[in-house]
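Below, each chain spelled out in residue letters.
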Amino acid sequence: MIALIGPTASGKTDLAIKFALKNGYEILSLDSLSIYKEIDIASAKPSKNELNLVKHYGVNEIYPNEKFDVMKFIDIYEKIKDKKIIIVGGTSFYLKALLTGISPMPKISEEIKKEALKYGWDFLNKLDSKYASKIKPQDKYRISKGIEIYLSTNTAPSQYFANNPPKPIIKNCKIYEIAVDRATLRERIRLRTQKMFEMGLIDEVAFLEAKYRDRTLPALKAIGIKEVLDYFDGIYDKNELYEKIVVNTARLAKRQQTFNKTQFLEKVSLPLARLENIL
C-alpha cells in the first residue's frame, strides 16, 4: 500500500489514475469533499470517465446532509484493506489517523448526544481545561464530542484518551508527496478555479442550497461553496468571487503543505514530473 499526498491542485488525481492503471491498483480518496454525492465541481472530483477507469473508494459515499468523520473514513478503509490500494488526496489528516490510529470511542446514546448540545466550551473548560485549551470556542463539533465522552464515561476527556491510547491501523505505507513551489501552485489553482466556473460551479451551489436549505451543513462551508453563497448574498461580484476562491484555496494549500511537512517525516517528496517517472 502506498499513499500520494500534496496540496490541492498539485496534480494528485491524474498521477494516481496513471499509476493505478499501470499497476493494477484501486484508489482510496483522502478528499473530505469528494466523499459527498452531488458535489462534483466544487470538490474537483475525478470525472465520471476517470471513476469508471479506476475503482474509487471514499468518493460519492454519502449525501451532503449526512454526517462524516474520520471514524467513517476508517470504516471505509477497513473494508478494502486487503486490496491493492493507493491512498490519494489533500486531507492528510485522514492518512495520519490511519498511521497513528484513533482511540476507541465509548458507546454514546442519542440521549447523551442531545444532552451534550446543552453545554458549551465554558462547561468543557471547567471539567477538563487541558482538553478545552486545544479547542476553539467556536468548534461546536469537538466541544460536543468531549462532553459526550464525559457524560458517557464520567471521565474527563484527557483522562479517557490517556486510558485508551490509539493504535496504528496501517503499519507499512510508503508515502510520496508532490512538491510544488508557491508560484506554480497558485497558477494551477487559478486554472482549476476557472475550469470550475466554466463547468457550472455557481449552478451546482444553487442546486445544493435549494435542495438542502441549510448553510450550516459542513459540506456547504467548504471552499468554493461558501464563497458562492456569499456571492448570492451580494457580498461579491463575479470577479471578486473568483479571486476570493483563488485566495482561500491558496491558503488551504499552504496549510496542507505545512501539515504534510510536520506530520510525515518519512516520505519521498519530489516535483510532479519526477514522481511520474518513478511511480
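Just so you know, these numbers come straight off a predicted model, no measurement behind them. (Residues numbered from 1 in each chain as written. Predicted model: local features only at pLDDT ≥ 70, side-chain atom pairs only at ≥ 80, totals over all residues. Heavy atoms only, no water.)

A. Local environment of the environment of Met71. Among the secondary structure elements, Met71 is positioned in helix α3 (residues 70–80). Under the relative-accessibility criterion, Met71 is labelled partly exposed at 32%. For the pair Met71 and Tyr94, spaced 23 residues apart in sequence, the C-alpha to C-alpha distance is 9.2 Å. (Helix = DSSP H or I, 4+ residues; strand = E, 2+ residues; numbered from the N terminus. Buried < 20%, exposed > 50% of the residue type's maximum accessible area, 1.4 Å probe, protein only.)

B. Representation of helix α11 (residues 201–212) in the model. The end-to-end C-alpha distance of α11 is 17 Å, a good match for the 16 Å that 12 residues give at a rise of 1.5 Å each. Listed as buried for α11 are Leu201, Ile202, Glu204, Val205, Leu208 and Tyr212. Along the axis of α11, the buried positions cluster into a sector of 160 degrees, meaning they face one direction only. The secondary structure elements touched by the buried residues of α11 are α10 (182–199), α12 (226–232) and α13 (238–263). Within two residues after α11, Arg213 carries a phi angle of roughly 50 degrees, on the positive side. (Expected span 1.5 Å × (residues − 1). Arc of directions from axis to C-beta. Contact = heavy atoms within 4.5 Å.)

C. Broad picture of a positive patch on the surface. On the surface, Arg182, Arg186, Lys226, Lys244, Arg251, Lys254 and Arg255 cluster together into a positively charged patch. Within the residue set of the positive patch, elements represented by two or more residues are α10 and α13. Element by element, the count of residues in the positive patch is highest for α13, at four residues. Along the chain, Lys226 turns up in helix α12. In this structure Lys226 comes out as partly exposed when scored by relative accessible area, which is 35%. (Patch = residues over 30% accessible without salt bridge, like charges linked within 9 Å, V, L, I, M, F, W, Y side chains within 5 Å. Areas by Shrake-Rupley, 256 points an atom, 1.4 Å probe, with all protein chains shown as cover. Salt bridge = Lys/Arg side-chain N within 4 Å of Asp/Glu carboxyl O. Lys, Arg positive; Asp, Glu negative; His and termini not counted. Charge placed at Lys NZ, Arg CZ, Asp CG, Glu CD.)

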